[in-house]
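Structural characterization, general
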Amino acid sequence: MAFMEKPPAGKVLLDDTVPLTAAIEASQSLQSHTEYIIRVQRGISVENSWQIVRRYSDFDLLNNSLQIAGLSLPLPPKKLIGNMDREFIAERQKGLQNYLNVITTNHILSNCELVKKFLDPNNYSANYTEIALQQVSMFFRSEPKWEVVEPLKDIGWRIRKKYFLMKIKNQPKERLVLSWADLGPDKYLSDKDFQCLIKLLPSCLHPYIYRVTFATANESSALLIRMFNEKGTLKDLIYKAKPKDPFLKKYCNPKKIQGLELQQIKTYGRQILEVLKFLHDKGFPYGHLHASNVMLDGDTCRLLDLENSLLGLPSFYRSYFSQFRKINTLESVDVHCFGHLLYEMTYGRPPDSVPVDSFPPAPSMAVVAVLESTLSCEACKNGMPTVSRLLQMPLFSDVLLTTSEKPQFKIPTKLKEALRIAKECIEKRLIEEQKQIHQHRRLTRAQSHHGSEEERKKRKILARKKSKRSALENSEEHSAKYSNSNNSAGSGASSPLTSPSSPTPPSTSACTILNVNFRDICITSTSSTSTTTSSSLASCEHRGTCPALVPGCEWCEPRGLAQLHPEFPKRNFEESRNL
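The rules behind each value
- Residues numbered from 1 in each chain as written.
- Predicted model: local features only at pLDDT ≥ 70, side-chain atom pairs only at ≥ 80, totals over all residues.
- Heavy atoms only, no water.
- UniProt positions renumbered as here; feature names shortened; annotations may be inferred.
- Helix = DSSP H or I, 4+ residues; strand = E, 2+ residues; numbered from the N terminus.
- Pairing = 2+ DSSP bridges.
- Axes fitted to C-alpha atoms, helices over the stretch in contact; angles between N-to-C directions.
- Contact = heavy atoms within 4.5 Å.
- Patch = residues over 30% accessible without salt bridge, like charges linked within 9 Å, V, L, I, M, F, W, Y side chains within 5 Å.
- Areas by Shrake-Rupley, 256 points an atom, 1.4 Å probe, with all protein chains shown as cover.
- Salt bridge = Lys/Arg side-chain N within 4 Å of Asp/Glu carboxyl O.
- Lys, Arg positive; Asp, Glu negative; His and termini not counted.
- Charge placed at Lys NZ, Arg CZ, Asp CG, Glu CD.
- Buried < 20%, exposed > 50% of the residue type's maximum accessible area, 1.4 Å probe, protein only.

Labelled according to an unreviewed UniProt entry, the protein chain appears under the name PX domain-containing protein kinase-like protein, originating from Sapajus apella. According to UniProt, the comment filed for the protein chain under the heading Sequence similarities (unreviewed entry) is "Belongs to the protein kinase superfamily." For the record of the protein chain, the UniProt heading Function (unreviewed entry) holds the text "Binds to and modulates brain Na,K-ATPase subunits ATP1B1 and ATP1B3 and may thereby participate in the regulation of electrical excitability and synaptic transmission. May not display kinase activity."

Below, the structure is given as structure tokens:
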């Protein structure tokens, strides 16, 4: 199957992980309230932006809904009197802009449905719980043995993935979890291959993969059932959270920040790396590793949500690794995501930003070595190590795994080829997105540098220097033209003066008289005669004693005199010569 030019039916082209930014452009005061005009942009493209209008009461409603997260958000306070004053509105607008900046830069808040609906009502107006219930009801018509106990509202971070607590009618005490998910932008499998691979997931047996009890799919979504685990996920263990609570409540503001013990970090890390290596060896793409996708079963970690890559769903950490062009394969994505997971296990919280410049003290330097190889500036710039390389590092190499379960996951050759092509398409879209982000970052950096105060001063200094240099060049060019015009005039008046009938002067007295006359003529000439020419003629008086008017003499040759003094009249020369 080649890269699809046309998206399949039911495929959601919108990537929910692309960050939204919001800027208040203006405010308008109506009779009883003020409206704020907000420009919202998805990703880096200015063309992918739109305007929304919100009142302060809309901000207040959103803020009340986000209180479940337990965060202290900087919403400006209410004011009943004087809230229409111009100065107050300008000050409130600054406060609301700061509020928008905080919620759009928080990784969990920015991906929640409440914020998405506030900023992008056109794309997030649907009730996804209702859609999921409709799909589940249709499924129950053909499988009557299952029954819904209750919806598990917002226990996950995905907007288009919903969870329900289930039971089997003839086993009422046993609890299961049903997950329903829509197709995502990275779904490149054909409908037939997609449905076959989804139905193949229950046959996957591995000591570190959480088993799927039942799986089915149609052309637009997939439905899977697993056993419900009361202990919850690895993230629930780290944050001391209850599995059934909403995602915002569990993980936004933990009451106690504490990492795991070193032995737990080593054991859980080794188990997760082992299952990643197993999937990569099988040619099965994953790319969705994070602490909420690791189920805890006693002292064993088991990986969840293998179906996400088949559905084409974007990764939880996509907004992080899409910034780095060296993280461009699904294996390098898994390794980078493992770095995030290891950081949470070590410090009890996610990193403030990525890449990480310096790491806090850890239980062991071996932990820091792995973190540096996956989250540091150098690692993000130069590329990730392989999963096999991580397994050989001192932190995990001495961990002994005791399991008797033999891994089994048979994928037909035809489906392996389909997975390979789908994996290439997923990586191709990631590389293209990283290229666009890199170009945008370079352009922004250049514009920022060009507009800086220091750069402006440099440009002014260069402009002044250029102006001075240009003026000097113009002056020199003007002088050269003037000199050339004088030379051309002189050469035109200095035609050789010949007198074939005149005999050669017999004595030096004639030369002396001639010199005196020439000098007198030069002195009495007009003011345009150059000083240089006058001095040249005067020096002819006694430069030596010329024995005669020798032809070729620089001082006595008529041509030489005319060259020295271009305006020397011919008539005076003839008279002087006759003397």
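Here the narrative resumes, following the displayed structure.
Regarding the environment of T300
Note that T300 resides in strand β10 (residues 300–303). Sequence separation of T300 and T403 is 103 residues, and the distance between their C-alpha atoms is 9.9 Å.

Thoughts on the sheet that holds strand β6 (residues 171–182)
The five strands lie next to each other as β4-β5-β6-β8-β7, forming an open sheet whose pairing is antiparallel. Sheet topology places β4 (146–152) and β7 (214–217) at the edges, where each strand pairs with a single neighbour. The mean inter-strand angle of the sheet, taken between neighbouring strand axes irrespective of direction, is 25°. Direction of pairing for β6 relative to strand β8 (residues 221–227): antiparallel, over a ladder of seven bridges. Paired with L178 across the strands is I225, a residue of β8. Here helix α5 (residues 128–142) sits on the sheet and contacts β4, β5 (161–168), β6, β7 and β8; the angle it forms with β5, its principal contact strand, is near 40°. Along the sheet, helix α6 (residues 191–200) contacts β7 and β8; its crossing angle with β7, the most-contacted strand, is approximately 170°.

Section: a positive patch on the surface
On the surface, a cluster of positive charge is contributed by R325, K326, K435, R442 and R445. As for its placement among the helices and strands, K435 is situated in helix α17 (residues 413–450). Among the residues examined, K435 registers a relative accessible area of 38% and is labelled partly exposed.

Quick notes on the environment of S315
Its place among the elements puts S315 in the loop between α10 (307–311) and α11 (318–321). On the basis of relative accessible area, S315 is assigned to the buried category, the value being 5%. Along the chain, S315 and R158 lie 157 residues apart, while their C-alpha atoms are 10.0 Å from each other. In this view, S315 contacts T17, W157, R158, G287, H288, F321 and C337; residues no more than four positions away in its chain are not counted.

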